[in-house]
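Survey of secondary and tertiary structure
Listed here are the chains, written in short residue letters.
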Amino acid sequence: GSGKSTLAQLLLRFYDPSNGKITIGGIDIKQIDINNLREKISYVQQDVFLFSDTVAGNISFGLAALASNETIERAAKFASVHQEILGFEKGYDTLIGERGVTLSGGQKQRISIARALIKDPEIVVFDDCLSAVDAKTEFEILSSLNKYLHEKTAIIITHRIFSTFRFDTIIVLENGAIIEKGSHEDLLLLNGYYAELYRMQLTGLTDSSL
């Protein structure tokens, strides 16, 4: 409720800000053709929608044509779901129900990530899209994504501190306002809201592993 998802939706121009402006590379996004803008961005929401289609068809959705098997598998590997797909009866040809009812929440979220990556976007926005997996699995997924995201702009919206270790900048929001900003180390030294949340989650992770 602090405004994280709202910022992501403003970036994609689901609606425009009432004050100020949003720029990409110094250009006001209102000056960019909206289709061109959205073509450059992949947005993965927390609430995933999958179609009554094959796994491959769902990953390729949004492309002009069904991608090659190699391209589909590459995206799935980056999303850390390739091995699980191979475990399905028909692999990538497995038909899944509307909204992916035959899949676990974590599998649905990772297939939606693969769908976002196959576009090869310039900007990737993950909006709490790993909420259905535990913190350890989330860290493993983000680690495998690290190579893919190397030369891209990645905006990761999350309430978990452990997702942020590799990020250049962390922005902490509360009640619609930025209250802290910096690297992980900077924010720990600040010993404010972020540091307190980090200590709470570190304790929780330690307790859960006992």
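Preceding this paragraph is the structure being described.
Below: a short report on this structure.

Procedures and definitions
- Residues numbered from 1 in each chain as written.
- Predicted model: local features only at pLDDT ≥ 70, side-chain atom pairs only at ≥ 80, totals over all residues.
- Heavy atoms only, no water.
- Buried < 20%, exposed > 50% of the residue type's maximum accessible area, 1.4 Å probe, protein only.
- Helix = DSSP H or I, 4+ residues; strand = E, 2+ residues; numbered from the N terminus.
- Arc of directions from axis to C-beta.
- Contact = heavy atoms within 4.5 Å.
- 1 Å grid on protein atoms, 1.4 Å probe; cavity = no way out; pocket = protein on both sides within 12 Å on 5 of 7 lines; lining within 4 Å.
- Points joined across faces, edges and corners; volume = space filled by probe spheres on them.
- Nonpolar A, V, L, I, M, F, W, Y, C, P; charged D, E, K, R; others polar.

This part covers helix α4 (residues 69–78). Here α4 has its buried residues at Ile 72, Ala 75, Ala 76 and Phe 78. Taken around the axis of α4, the buried residues stretch over an arc of 165 degrees, which confines them to a single face. Structural note: α4 exposes Asn 69, Glu 70 and Arg 74 on the side pointing more than 90 degrees away from its buried face. Of the surrounding secondary structure, the elements contacted by the buried residues of α4 are α3 (55–60), α5 (82–86), α6 (105–117) and α7 (135–148). Within two residues after α4, Ser 80 carries a phi angle of roughly 55 degrees, on the positive side.

Right, let's get into the layout of surface pockets. Any space left empty among the atoms is revealed by the rolling of a water-sized probe across them. Of the pockets and cavities examined, the largest pocket occupies roughly 1,300 Å³. Surrounding the largest pocket, 42 residues form its lining, Ile 155, Ile 156, Phe 167, Thr 169 and Ile 171 being those nearest its centre. Those elements giving two or more residues to the lining of the largest pocket turn out to be α1 (4–11), α7, β7 (153–157), β8 (170–174), β9 (177–182) and α9 (193–208). Considering only residue class, the lining of the largest pocket consists of 24 nonpolar, eleven polar and seven charged. Considering the residues around the second largest pocket, the lining is formed by 19 residues, among which Tyr 43, Val 44, Gln 45, Phe 61 and Arg 115 are closest to the centre. For the lining of the second largest pocket, the element with the highest residue contribution is strand β3 (residues 41–44), accounting for four residues. Of the residues assigned to the lining of the second largest pocket, the class counts are ten nonpolar, four polar and five charged.

Turning to α1, a few remarks are in order. When α1 is considered as a whole, its buried residues turn out to be Ala 8, Leu 10 and Leu 11. In an axial view of α1, the angular spread of the buried residues amounts to 160 degrees, which keeps them on one side of the axis. Buried-residue contacts for α1 involve β1 (23–24), α2 (34–40), β3, β6 (123–127) and β7. Directly after α1, the chain includes Arg 13, whose backbone phi takes a positive value near 60 degrees.

By themselves, these figures tell us nothing about what the structure is for.
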